[in-house]
Amino acid sequence: MLTKFETKSNRVKGLSFHAKRPWILASLHSGVIQLWDYRMGTLIDRFDEHEGPVRGVHFHKSQPLFVSGGDDYKIKVWNYKTHRCLFTLLGHLDYIRTVQFHHEYPWIVSASDDQTIRIWNWQSRTCISVLTGHNHYVMCASFHPKDDLVVSASLDQTVRVWDIGALRKKTVSPADDLLRLSQMNADLFGGVDAIVKYVLEGHDRGVNWASFHPTLPLIVSGADDRQVKLWRMNETKAWEVDTLRGHMNNVSSVMFHAKQDIIVSNSEDKSIRVWDATKRTGLQTFRREHDRFWILAVHPEMNLLAAGHDSGMIVFKLERERPAFAVSGDSLFYAKDRFLRYYEISTQRDTQVIPIRRPGTASLNQSPRTLSYSPTENAVLICSDLDGGSYELYIIPKDSIGRSDFMQEAKRGTGGSAVFIARNRFAVLEKSTNQVLVKNLKNEVVKKGTLPIPTDAIFYAGTGNLLCRSEDKVVIFDLQQRLVLGDLQTPFVRYVVWSNDMESVALLSKHTIIIASKKLVHQCTLHETIRVKSGAWDDNGVFIYTTLNHIKYCLPNGDSGIIKTLDVPIYITKVTANIIFCLDRDGKNRIITIDATEYIFKLSLLRKKYDHVMSMIRNSQLCGQAMIAYLQQKGFPEVALHFVEDERIRFNLALESGNISVAVASATEINEKDQWYKLGVEALRQGNAGIVEFAYQKTKNFERLSFLYLITGNLDKLSKLMKIAEVKNNVMGQFHNALYLGDVKERVKILENAGHLPLAYITASVHGLHDVAERLAIELGDNLPSLPEGKTPKLLMPPTPVMCGGDWPLLRVMKGIFEGGLENGAKGAVDDEEDGEGVWGDELDLDVDGIQNGDVEDSMQDAEGAEENDEEGGWDVDDLELPPELDTPKISSNARSSAFATPTPGMPVNQIWSQKSSLAAEQAAAGSFDTAMRLLHRQLGIKNFAPLRSMFLDLFTGSHSYLRALSSSPVVSLAIERGWNESASPNVRGPPALVYDFSQLEEKLKAGYKATTTGKFTEALRVFLSILHTIPLVVVESRREVDEVKELIIIVKEYVLGLQMELKRREMRGDPTRQQELAAYFTHCNLQTPHLRLALLSAMSVCYKARNLATASNFARRLLETNPTVESQAKTARQVIQAAERNMTDETELNYDFRNPFVICGATYVPIYRGQKDVSCPYCTARFVPGQEGNICTVCDLAVIGADASGLLCSPSQVR
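Keep in mind that this is a model prediction, so the values were computed, not measured.

J.: Where do I start with the overall build of the chain in this structure?
T.: A count of helical and extended segments in the chain gives 32 helices and 61 strands. The buried share among the 1216 residues of the chain stands at 51%. Of the contacts formed within the chain by residues at least 6 apart in sequence, a portion of 48% connects residues at least 24 apart. As displayed, the chain offers around 58,400 Å² of accessible surface, 50% of which is attributable to carbon and sulfur atoms.

Here is the structure:
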């Protein structure tokens, strides 16, 4: 049994295959109907309107319908496209057991526990016949596949066959009125539309199932007497042929196989049994552990069955349908119908070679599984699963091909699989010992060898080599040298296909294809959602493969695509040019012609055969969204441009590839605001001022135009825009343009006209237009605004642009590989563009809010006339025309022949820094803060980065300088390198300059010492902490300096810990015991001698005052051992010792034993004596009690206590 699909659900009571699609309906005991795609293994839909179990379900042969019948006495007809129930048929008075559509007429037959069978017309939605006669539950009823018959099985121990010929006649020729009357009577009193033809009696218990043979006059039935009976019928009678015994419990369902001469039955004994219909013997039994079987379904056209059980269903095959075949050059050998056949690919001649019949075996799946061929010896090895795996060796005399009378006794042997590995040697796998036996053509063992991995199959891998397969791995094994040449982790490999040159291999699994080299170096993996069936390499090194429903290709880089959709699965034997030779499931040779253009085109792009690509673009019919998307994805938008007719897609591709001329043409065709805006943005990026202007004019974007004219220094057009704004009555636009032009009189005039007299007065006064100011002052009267005093006003003039007019300077670069060649192909393109130039000027329609161009011109001329009378002569605007004679952006002739493009930007320096360095400081300087933080976490266990934030920012800003080039251009950032000099190579980038160095830390250390000496403990603690925070971001050059940095960490850590305890002590006024302890611990920090003396003096004083004389005298002795230079300190110490000697006692007991060596916990400030467990900070090495593990270190405030860390990395010398 080959299980193809399995589901887990409630008990499955009804099943039905769709005739064409890979779908199956399962009706459940819970009342749900599930629709599954058994090929993809997915649940497509569920229908749950029935109340209670649904026992029967059936797909219509051609309509998108199915019918269901349940324990709610209802028959429902559903449309699976609209996902709803169309109508319900009511009439049965008890549970409905089965329902079925007629293959031709609009009928449904249903069987029910009300002891009747009903036939319904689903178009008129009426019951057209009731078949009565059974006197117990009717368990099933079904139509004959061809004749006008219905078979039913009942718990009254009979099977009945009904003739419904009269019903068909009535349907074909509708009755007249008189007949209709008698029909009504017949409906009421039981009519003669259906009559019992035969009653089959023979079962001793109730019959659960009966079904017709698809073609022969046979019936098979299964019953509660555990028997399966076979019946034959003719025109007049029906009789029992045989009884099949074997089931151990009620037989629930039994059917004939659609393709083979077998009967399949299942039962509540948890088994499915397969019987030979001619010999009437059992062939095979499949058992489940815990689940009783209830229903069977046979696919009407394919070799598929389904069975429903207590916890779901299975879709399965009884036998493999893949023909065994082997290809060698022009020859194809394959097994079909127990014959070995030969097919010559070039002439398409198909001949029978030798029979490979075996003595009859009483089980399935004995057909050949694999076939191996040795062309020089003309020998064929055929392997099958017979006897747990066996092979047969045939040597075919050259002249016997085509003579079917030739018989030969095969040389046989057992083995998991057998393949030829040389001209006259073949290898046989012995699974039990994991050995391979090498045999000659006489079937004698020549050599034995153990395989390197537990192997369940072997494949050919070149002369003398084997490809061994295990569950999750394949290896290539050289039998001669006993060496593993390559191995690869893979899903379970089913088939192995070598390329013609044996350089590449395709490993085919159930849903995966892995392409690898001959040494099993992985090249690419493809995943399919449905099963992979076969494959072959074409002449170009492309792998062509089939799934259940497609022929597909796989390029060497892993790109794949569909070539053709299949109706039925095929097995590819050979691919030549655009012809696929294949075998179908019936073992027939088929030839399929494919269109290889798409994958040849992609392969040419991949292999950079651009001349081939260009000829394909010109001559082939390549197109489609998928191809355009592929070209875009692979970075060839300029090639995609030549496939596209749709203007919008052309426009987007042109922008992407920077082809401004095509973009302009497409934008003109589309003529929408959005496209013109995008075109303006791209043209501005390229510096093509003419097209930017044109795009802004098309969208009437006057604000952007004003700014464009300002930055390009086009003051003439700026003044024209001011006039347009005046005509449009756009006061703000007028004022803007006047401001850009530096035209004060115009600004005063605009403000006055707008009614802003105070502003007009101030503007006129400040700019020295006294006559205008006086006139305005009279108008304002008392409301005269006051002017600022003591200020010297300056005229605000727009800056003169560096580039006046024209396009920005661009670097000349060579055209892309495609552009020159493609443009020559597009002959008409240049002419079109030239036509376009004239059109742009004419079509430009600056329709200013209902005023036509002519009106605008008139109003302008009036304005000019008025101004000419002015004393000052006014503005010279004679040439103003709207639309102005646009200088249509011309794509100059040399631009066509060699395009202009900006150079590709190099890699930014900070990116080079971040790629080259593994030092956290350099990563921070490069701006890669994330990387720096990751490094510090890995090296020092640092998790709290808040104290380092400002330092990161300082490092980043300190490694860059900023230059202002021009007033109108952005600031240019420059990377500053460490140790740069003029002789350095401009192409080699040095490391970044850093703002923190080791010498600064030494200065800080001295400042910390000084603050400690003077008793400024808070200040000292701040300095020492800043040293601790800076050290991770310092870089030194030599190994000696690295050691100094590590030493500095220890020194600073001791001071930080000591000062933290001293400050804590000073806060604890009310706890003298704790004060003494902290003072005592401070003396055990590793301090400089002057600081240690001060700490000892302090501790001595505290303990003496608290009458702890013994402890105080210990501090005094330690103080004297340091040889204090200050006499007063020594004198005090001696006096304390004398006082203590008179009374060597402590008034309070302290948690302090100076005789036992200890370290101090940095968080709880308690001693951790030698031998006690502790954890440490990975950065500052401060020690803590185990309970602090996982917290942030309280000494350095950076790292996590007890974290794993690799250690401080602060020098390039450590990396080398």
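J.: It is not clear to me how helix 26 (residues 1017-1030) should be interpreted in this structure. Could you clarify?
T.: In this model, helix 26 (14 residues) spans 20 Å end to end at C-alpha, consistent with the 20 Å of a helix rising 1.5 Å per residue. The element helix 26 is extensively covered by neighbouring structure, given that 10 of its 14 residues are classed as buried. Structurally, helix 26 contributes buried residues whose contacts are with helix 24 (949-958), helix 25 (998-1013) and helix 27 (1039-1067).

J.: For this particular structure, what's the right way to read unusual backbone geometry?
T.: Apart from glycine, the bulk of residues carry a negative phi angle, and the bulk of peptide bonds sit in the trans form. A positive phi angle, near 65 degrees, is found at tyrosine 73, a position not held by glycine. Checked against the element boundaries, tyrosine 73 lands in the loop between strand 7 (65-70) and strand 8 (74-79). Backbone geometry at lysine 700 places phi at a positive 55 degrees, although glycine is not the residue there. Overall, lysine 700 belongs to the partly exposed group, its relative accessible area being 33%.

J.: Got a minute to help me understand the pairing of strand 2 (residues 12-17) in this structure?
T.: Working note: regular strand, side chains alternate between the two faces of the sheet. Buried residues dominate strand 2, accounting for six of its six residues. The pairing of strand 2 with strand 3 (residues 23-28) spans five bridges and is classified as antiparallel. Bridged to glycine 14 within strand 3 is serine 27. Hairpin connection between strand 2 and strand 3: a loop of five residues separates the two successive antiparallel strands.

J.: So what exactly am I meant to see when it comes to a nonpolar patch on the surface here?
T.: A cluster of nonpolar side chains, Leu963, Val972 and Leu974, forms an exposed patch at the surface whose accessible area comes to about 230 Å². Along the chain, leucine 974 falls in strand 57 (residues 972-975). A residue is classified by how much of its surface remains accessible, and leucine 974, at 38% relative accessible area, is partly exposed.

J.: I would appreciate a short explanation of the pattern of salt bridges in the present structure.
T.: Pairing is possible between side chains that carry opposite charge, provided their charged atoms lie close to one another. Per the stated rule, a full pass over the model turns up 42 salt bridges. The salt bridge partner of arginine 55 is aspartate 71, with a shortest N-O separation of 2.6 Å. Of this pair, arginine 55 sits in strand 6 (residues 54-59) while aspartate 71 is found in the loop between strand 7 and strand 8, placing the two residues 16 residues apart along the sequence. The exposure classification of arginine 55 matches that of aspartate 71, with both residues buried. For glutamate 1077, the salt bridge is made with arginine 1074, and the minimal N-O distance between the two is 3.2 Å. Within this pair, glutamate 1077 and its partner arginine 1074 are both found in helix 28 (residues 1072-1082), separated by three residues, close to a single helical turn. Here glutamate 1077 matches arginine 1074 in class, with each residue buried.

J.: Could you clarify how one ought to interpret the packing of helix 3 (residues 597-606) against helix 4 (residues 610-619) in this entry?
T.: The angle between the axes and the distance between the axes are what describe a pair of packed helices. Where helix 3 meets helix 4, the closest approach of the two axes is 8 Å, and the angle between their N-to-C directions is 145 degrees. For the pair helix 3 and helix 4, the crossing hand works out as left-handed. Contacts between helix 3 and helix 4 pair Thr597, Ile600, Phe601, Ser604 and Leu605 from the former with Tyr610, His612, Val613, Met616 and Ile617 from the latter. For the contact of helix 3 with helix 4, the residue count by class is seven nonpolar, three polar and no charged.

J.: What's the story with the nonpolar core in this structure? I'm lost.
T.: If you look at the biggest cluster of nonpolar residues, it comprises 86 residues, and the most contacted ones within it are Phe1024, Tyr1179 and Cys1180. Looking at which element gives the most residues to this core, the answer is helix 27, with 10 residues. Among the nonpolar cores identified, the runner-up in size contains 65 residues, and Val613, Leu653, Leu708 and Leu721 belong to it.

J.: Even after reading the chapter, I still don't get the UniProt feature "repeat: WD" (unreviewed entry) in the chain, so can you show me in this structure?
T.: The residues that UniProt annotates with the feature "repeat: WD" (unreviewed entry) are residues 47-88, 89-130, 131-164, 200-241 and 244-285. Along residues 131-164, the helical share is 0% and the strand share 59%, with 10 Å between the first and last C-alpha atoms.

J.: Would you mind showing me how to read the packing of aromatic side chains here?
T.: We describe a pair of aromatic rings using the distance from one ring centre to the other and the angle between the two ring planes. Within the structure shown, the criterion is met by 30 aromatic pairs. With centroids separated by 5.3 Å and ring planes inclined at 90 degrees, the aromatic side chains of tryptophan 676 and phenylalanine 694 adopt a geometry described as edge-to-face. Within this pair, whereas tryptophan 676 is found in helix 9 (residues 673-686), its partner phenylalanine 694 is found in helix 10 (residues 689-698), the two being separated by 18 residues in sequence. By relative accessible area, phenylalanine 694 is classed as buried at 2%. Aromatic side chains tyrosine 1081 and phenylalanine 1158 sit 6.1 Å apart centroid to centroid with 75 degrees between the ring planes, which places their arrangement in the edge-to-face category. Pair noted here: tyrosine 1081 is in helix 28 and phenylalanine 1158 is in strand 58 (residues 1158-1160), with a separation of 77 residues, a long-range link. Phenylalanine 1158 matches tyrosine 1081 in its accessibility class, with the two residues each being buried. Three or more aromatic residues joined by ring pairs form one cluster here, namely Trp23, Phe47, Phe59, Phe66, Trp78 and Tyr80.

J.: Even after reading the chapter, I still don't get the packing of helix 11 (residues 702-712) against helix 12 (residues 715-727), so can you show me in this structure?
T.: Orientation of helix 11 relative to helix 12, taken along the N-to-C sense of each, is 155 degrees, at an axis distance of 9 Å. By the criterion of interaxial angle, the relationship of helix 11 to helix 12 is roughly antiparallel. The crossing of helix 11 and helix 12 is left-handed. On the side of helix 11, the interface is formed by Phe702, Leu705, Ser706, Tyr709 and Leu710, while helix 12 contributes Lys717, Leu718, Leu721 and Ile724. Looking at the contact of helix 11 with helix 12, its residues break down into seven nonpolar, one polar and one charged.

J.: What exactly am I supposed to notice about the environment of arginine 84 here?
T.: Assignment of secondary structure puts arginine 84 in strand 9 (residues 84-90). A sequence separation of 37 residues divides arginine 84 from phenylalanine 47, and the C-alpha atoms of the two residues are 7.8 Å apart. Setting aside chain neighbours within four positions, we find arginine 84 in contact with Trp78 and Asn79.

J.: Please explain the sheet that holds strand 54 (residues 579-584) as it appears in this structure.
T.: Strand pairing in a sheet is mediated by backbone hydrogen bonds. Such pairs are either parallel or antiparallel. One open sheet holds the three strands; their spatial order is 53-54-55, and the pairing between them is antiparallel. Each edge of the open sheet carries a strand with a single partner, namely strand 53 (570-576) and strand 55 (589-593). Averaged over neighbouring strand pairs, the angle between their axes works out to 30 degrees when direction is ignored. As paired strands, strand 53 and strand 54 are joined by six bridges and run antiparallel to one another. What sits directly across from lysine 574, in strand 54, is phenylalanine 581.

J.: Help me understand helix 31 (residues 1127-1142) in this model?
T.: Residues three or four positions apart in an α-helix share a direction because the helix packs 3.6 residues into each turn. For helix 31, which comprises 16 residues, the first-to-last C-alpha distance of 24 Å matches the rise-based estimate of 22 Å (1.5 Å per residue) to within 8%. All of the buried residues in helix 31 are Gln1129, Ala1130, Ala1133, Val1136, Ile1137, Ala1139 and Ala1140. Buried-residue contacts for helix 31 involve helix 29 (1089-1105) and helix 30 (1109-1121).

J.: What am I meant to see in the sheet that holds strand 15 (residues 149-154) here?
T.: The strand order 14-15-16-17 describes an open sheet built from four strands, whose pairing is antiparallel. Of all strands in the sheet, those with a lone pairing partner are strand 14 (138-143) and strand 17 (195-201), marking the two edges. Going across the sheet, the axis of each strand differs from the next one's by a mean of 20 degrees, ignoring polarity. Examined bridge by bridge, strand 14 and strand 15 share five bridges and lie antiparallel to one another. Bridge assignment links serine 142 to a residue of strand 15, and that residue is valine 151.

J.: Quick question: what am I supposed to make of the side chain of asparagine 208 here?
T.: Mapped onto the elements of the fold, asparagine 208 is located in strand 18 (residues 207-212). For asparagine 208, the side chain forms a polar contact with the main-chain oxygen of valine 251, separated by 2.9 Å. Setting aside its immediate chain neighbours within four residues, asparagine 208 contacts Met139, Cys140, Ala153, Leu155, Gly222, Ala223, Asp224, Asn250, Val251 and Ser252.

J.: How should I be thinking about the pairing of strand 30 (residues 331-336) in this particular structure?
T.: For strand 30, the tally of buried residues reaches five of six residues, placing the bulk of the element in the interior. Where strand 29 (residues 325-328) lies against strand 30, four bridges are found, and the strand directions are antiparallel. Among the inter-strand pairings, valine 327 is bridged to a residue of strand 30, identified as leucine 332. Hairpin connection from strand 29 to strand 30: two residues lie between these consecutive antiparallel strands, with glycine 329 at a positive phi of about 60 degrees.

Criteria and cut-off values
Starting from 1, residues in each chain are numbered consecutively following that chain's sequence as written. In keeping with the model being predicted, local features are shown solely for residues with a pLDDT of at least 70 and side-chain atom pairs are shown and tallied solely at 80 or more, while totals for entire chains, interfaces and linings include all residues. Computation of side-chain values: all heavy atoms of the structure, hydrogens and water removed. Each helix is a run of H or I in the DSSP string that is no shorter than four residues. Each strand is a run of E no shorter than two, and both are numbered from the N terminus. Burial classes: relative accessible area under 20% of the type maximum marks a residue as buried, over 50% as exposed, and values in between as partly exposed (1.4 Å probe, protein chains only). Contacts are assigned to residue pairs with any non-hydrogen atoms lying within 4.5 Å of each other. Areas reported as accessible are Shrake-Rupley estimates using a 1.4 Å probe. Residue values count occlusion only from the protein chains shown. One less than the number of residues in a helix, times 1.5 Å, gives the span that helix is expected to have. DSSP-based pairing: two strands are paired if at least 2 bridges between them are found. Each patch groups residues whose relative accessible area exceeds 30% and which form no salt bridge, using 9 Å between like charges and 5 Å between nonpolar side chains of Val, Leu, Ile, Met, Phe, Trp and Tyr. The term salt bridge refers to a pairing of a side-chain nitrogen on Lys or Arg with a carboxyl oxygen on Asp or Glu at a separation within 4 Å. For helices, the axis comes from a line fit to the C-alpha atoms of the stretch in contact; other axes are also lines fit to C-alpha atoms, and the angle between any two N-to-C directions lies between 0 and 180 degrees. Crossing handedness: left-handed means the near helix sits turned counterclockwise from the far one by under a right angle, and right-handed means the same turn made clockwise. Polar here means any residue outside two lists: the nonpolar Ala, Val, Leu, Ile, Met, Phe, Trp, Tyr, Cys and Pro, and the charged Asp, Glu, Lys and Arg; Gly therefore counts as polar. Residues belong to one nonpolar core when they are buried, are Ala, Val, Leu, Ile, Met, Phe, Trp, Tyr or Cys, and are joined through side-chain atoms within 4.5 Å. UniProt positions are given in the numbering used here, feature names are shortened, and annotations may be inferred rather than shown by experiment. Only Phe, Tyr and Trp rings take part, Trp by its six-membered ring, and two of them pair if their centres are within 6.5 Å. Stacked means planes under 30 degrees apart, edge-to-face means over 60, and tilted covers everything else. Roughly parallel means an angle under 35 degrees; roughly antiparallel, over 145; roughly perpendicular, 65 to 115; everything else is oblique. N or O atoms within 3.5 Å of each other form a polar contact, as long as, within protein, one can give a hydrogen and the other can take it, and as long as residues adjacent in sequence are counted only when both atoms are side-chain atoms.

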